[in-house]
Amino acid sequence: MTIHRRDFIKTVGAGCIGAGIGLSSAVKVFGSDAADDEAVIVDTKYGKLKGRMNRGCAVFKGVPYAGPSDGDNRFLPPTPLAPWAGIREAIVYGPKSYQSVPKTGVGMSENCQFVDIWAPTIKSSRKLPVMFWCHGGGFTSGAGSDPFFNGRDMVKNGEVVLVTVTHRLGALGFLYLGHLDKKYAQSGNAGMLDIVAALQWVRENIAGFGGDPGNVTLFGQSGGGGKVTTLLGMPSATGLFHKAISQSGAFFAAPSEEAGKSTDDIFRNLGIKPGDIAALLKVAPMTLIEKSSVPFSADGPSSGRSGIGFLPVVDGLALPNDPYDPVAPAMSANIPLIIGSNKDEMGRAMTDEKLILDAIRKRAGDKTDQLIAAYKKYYPDYSLPDIYSVFVADTVFHMAAIRAAERKVAQPAPVYMYRFDYGVVPPGGANPRSAHSMELPFVFNHTSIMPQFIRGAVVNDEVISLARNMSMAWMTFAHHGNPNHTGLIHWPTYDLKDRATMVFNLECQVQIDPLKDVREILTGLPPP
């Protein structure tokens, strides 16, 4: 098994656990004396919105930020949002983008451009930082409305306003048609342009919710982390955000040539004459999603596509260049960045030791024995399957974070590197594992619901403290561009000399160039 950049969807999927009233008016209705289920009404540029109080937070769900994207608007940049008369209820989540999995929860629609907003019920004379969440699921699944991203626990003590975004995914959001018709030159980034439209909506309206449009922090995990690093290189997003956090998702973009080849495969899968976009516009959305999905086996793509899975596309317009290849984008040189990954990420991807050795050898060649010995130095109790899971995590996730950080440190803004090491022992395992997505309940301070998402998790004082420390680091960064706070040991900036890395665990610590021997070997290999 060779780990290619195009195979990231497989590895991501394998490891998952389980609008303007003034501030004075806003804090009047957002005051701490407001009762749950009390209506909260806010004026936006487009009309009035009615949300609800919920457990001490003002919550607005299903707030539109763009116009229709179905019919003749399919594959095109987001259309303008039309104003409405009267009061629009914002108490139910909007539909998510069409996707193969999951098919539960809210409904699906091509018109899926919505934000959800959580605002703390504290009386304040100042605007609060805005944290803007990009969900994971690669670029093919998920929604900002997923239960895990409920912002109540994060905002109630952190003095931030949280916004989550839902946008077009898969072929509806990232199918590149620019090689066929210039009208669709930006179709490979339609989903990213949705996010830009959402950020523009935030700039225009968030002050009415108590938020500061001049202090917006992007953060996201997995595919959401990739969306964050992509936005750092999108000219249309310049000035719409001011800080960035990428969690387990420093993915690079797809060349237009390779994206075009994948598009040609999809025409064949659909039985449509290559380049017949008029016919493509008539395909039912779910059929389009299913026929453009990439089935994966242990050896990679098994059918349907010869190219990459869906990624943002270097189209020369929406995305002029790969954001971090070969250098960090100059347009975001002054944006502070937190970036990192989880220690294990993908869990036990394989257990057959011969297959594992073959897979490592295909990647590391004559450095295989040296690489395994280096891992044994750091993880003496790890079996070969355990080592392979860390190897995949480092190859696909952590080295991508390091490469992005190495290029970012040449710019003025600070960079902070982290690794999330806290884990639980999986069924049948011997060592705690910090799987892909496991940091999410800690970032969102969701300790009360953690056992529902992490099998075997036990919530005790140490876990609660870790969640408080990590969540507060993210929110402190949103306030100041520096994650250091009184509950956390000093977190230095990342540089090429010390490579200081905050390791989040029950006892947080700063490590200097962690796994140095492994990093040096992997750095010497061609990028996956």
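Residues numbered from 1 in each chain as written. Predicted model: local features only at pLDDT ≥ 70, side-chain atom pairs only at ≥ 80, totals over all residues. Heavy atoms only, no water.

Enquirer: Mind showing me how you'd approach the overall build of the protein here?
Expert: Secondary structure summary: the protein contains 16 helices and 17 strands in total. By the burial criterion, 60% of the 528 residues in the protein qualify as buried. (Helix = DSSP H or I, 4+ residues; strand = E, 2+ residues; numbered from the N terminus. Buried < 20%, exposed > 50% of the residue type's maximum accessible area, 1.4 Å probe, protein only.)

Enquirer: Is there a simple way to explain the environment of Ser-434 in this structure?
Expert: Relative to the helices and strands, Ser-434 is located in the loop between strand S15 (415-420) and helix H13 (440-443). With 91 residues separating them along the chain, Ser-434 and Lys-343 place their C-alpha atoms 5.8 Å apart. Contact partners of Ser-434, with chain neighbours within four places excluded, come to Asn-342, Lys-343, Asp-344, Glu-345, Phe-420, Asp-421, Tyr-422 and Gly-423. A polar atom in the side chain of Ser-434 sits 3.2 Å from the backbone nitrogen of Lys-343. (Contact = heavy atoms within 4.5 Å. Polar contact = N/O pair within 3.5 Å; in protein donor to acceptor, adjacent residues only side chain to side chain.)

Enquirer: Before we go on, may I ask you to explain the packing of aromatic side chains in this structure?
Expert: Two descriptors summarise a pair of aromatic rings, namely the distance from one centre to the other and the angle between the planes of the rings. Tallying each qualifying case throughout the model produces 21 aromatic pairs. Consider the rings of Trp-133 and Phe-219, whose centres lie 4.7 Å apart with planes at 65 degrees: the pair is edge-to-face. In this pair, Trp-133 sits in strand S6 (residues 128-134) while Phe-219 sits in strand S8 (residues 211-221), placing the two residues 86 residues apart along the sequence. Note on Trp-133: relative accessible area 0%, which makes it buried. (Phe/Tyr/Trp six-rings, centres within 6.5 Å; stacked < 30°, edge-to-face > 60°.)

Enquirer: Mind showing me how you'd approach the pattern of salt bridges here?
Expert: Oppositely charged side chains can pair when the atoms bearing their charge come close. One pass over the structure, following the stated rule, counts 22 salt bridges. Asp-344 is the salt-bridge partner of Arg-433, the closest N and O atoms lying 3.6 Å from each other. Taken together, the residues span a long stretch of sequence, with Arg-433 in the loop between S15 and H13 and Asp-344 in the loop between strand S14 (337-342) and helix H10 (353-364) at a distance of 89 residues. We classify Asp-344 as buried; its relative accessible area is 0%. Glu-520 is the salt-bridge partner of Arg-519, the closest N and O atoms lying 4.0 Å from each other. A residue is classified by how much of its surface remains accessible, and Arg-519, at 10% relative accessible area, is buried. On the accessibility criterion, Glu-520 (41% relative accessible area) is partly exposed. Overlapping salt bridges, with partners in common, bring together Lys-343, Asp-344, Asp-386 and Arg-433 in one network. (Salt bridge = Lys/Arg side-chain N within 4 Å of Asp/Glu carboxyl O.)

Enquirer: Mind showing me how you'd approach helix H11 (residues 368-378) here?
Expert: Note on helix geometry: an α-helix contains 3.6 residues per turn, so any two residues three or four positions apart are oriented the same way. Looking at H11, one finds that the buried residues are Thr-368, Leu-371, Ile-372, Ala-374 and Tyr-375. All buried residues of H11 project into a common sector of 155 degrees when viewed along the axis, lining one side. Of the exposed residues in H11, those oriented more than 90 degrees away from the buried face are Asp-369 and Lys-377. Contacts made by the buried residues of H11 are with H10, helix H12 (384-408) and helix H16 (516-523). (Arc of directions from axis to C-beta.)

Enquirer: How should I be thinking about the nonpolar core in this particular structure?
Expert: Most often, soluble globular proteins have nonpolar side chains that are buried together. Within the largest apolar cluster, 114 residues are counted, with the highest numbers of intra-cluster contacts made by Phe-60, Ile-117, Phe-132, Trp-201, Leu-231 and Tyr-375. In terms of residues, this core owes the most to one element, H12, which gives 14 residues. Listed in part, the 42 residues of the second largest apolar core include Trp-133, Leu-162, Val-424 and Ala-467. (Core = buried A, V, L, I, M, F, W, Y, C linked by side-chain atoms within 4.5 Å.)

Enquirer: When you look at the packing of H12 against H16 in this model, what are you seeing that I'm missing?
Expert: Helix-helix packing is described using two parameters, namely the angle between the two axes and the distance between the axes. Following both chains from N to C, one finds H12 and H16 inclined at 80 degrees, their axes separated by 11 Å at the closest point. Our classification of the angle between H12 and H16 gives roughly perpendicular. On H16, the residues that touch Phe-391, Asp-394, Thr-395, Met-399 and Ile-402 of H12 are Val-518, Arg-519, Leu-522 and Thr-523. Taken together, the residues of the contact of H12 with H16 break down into five nonpolar, two polar and two charged. (Axes fitted to C-alpha atoms, helices over the stretch in contact; angles between N-to-C directions. Parallel < 35°, antiparallel > 145°, perpendicular 65-115°, else oblique. Nonpolar A, V, L, I, M, F, W, Y, C, P; charged D, E, K, R; others polar.)

Enquirer: I tried to follow the pairing of strand S3 (residues 57-64) on my own but got confused; where do I start?
Expert: The buried fraction of S3 is high, at seven of eight residues. With three bridges connecting them, strand S2 (residues 48-54) and S3 associate as antiparallel partners. Within S3, the residue paired with Arg-52 across the bridge is Val-59. Taking the residues that link successive antiparallel strands as the turn, the S2-S3 hairpin has two residues, and the phi of Arg-55 there is positive, at about 50 degrees. Strand direction decides the pairing type here: S3 and strand S5 (residues 114-120), joined by six bridges, are antiparallel. Looking across to S5, one finds that Val-63 is bridged to Val-115. (Pairing = 2+ DSSP bridges.)

Enquirer: Looking at this model, I keep getting lost on the packing of H10 against H12. Mind explaining?
Expert: Two elements in contact, H10 and H12, have axes separated by 10 Å at closest approach and are oriented at 30 degrees. Classified by the interaxial angle, the pair formed by H10 and H12 is roughly parallel. Seen from above, H10 lies across H12 with left-handed handedness. For the pair H10 and H12, the contacting residues are Glu-353, Ile-356, Leu-357, Ala-359, Ile-360 and Arg-363 in the first and Leu-384, Pro-385, Tyr-388, Phe-391 and Thr-395 in the second. (Left-handed = near helix turned anticlockwise from the far one by under 90°.)

Enquirer: Sorry if this is basic, but what is going on with unusual backbone geometry here?
Expert: A negative phi holds for most residues other than glycine; trans holds for most peptide bonds. Cis peptide bonds are those with omega within 30 degrees of zero, and the linkage from Asp-325 to Pro-326 qualifies with 10 degrees. Within the fold, Pro-326 resides in the loop between strand S13 (313-314) and S14. Phi is positive for Ser-222, close to 60 degrees, though the residue is something other than glycine. Its location among the elements puts Ser-222 in the loop between S8 and helix H6 (223-231). Unusually for a residue other than glycine, Ser-437 sits at a positive phi of about 85 degrees. Examined against the element boundaries, Ser-437 turns out to sit in the loop between S15 and H13. Note on Ser-437: relative accessible area 10%, which makes it buried.

Enquirer: Is there a simple way to think about the confidence of the model for the protein in this case?
Expert: Low-confidence regions, as indicated by low pLDDT, have predicted coordinates that should not be scrutinised in detail. When pLDDT is averaged along the protein, the result is 87; 87% of the residues meet or exceed 70. Low pLDDT, under 50, characterises residues 1-33; the predicted model gives this stretch 107 contacts beyond four residues in sequence or across chains. Note that pLDDT drops below 50 for residues 295-308; the model gives that stretch 35 contacts with residues more than four away or on any other chain. (pLDDT = per-residue confidence, 0-100.)

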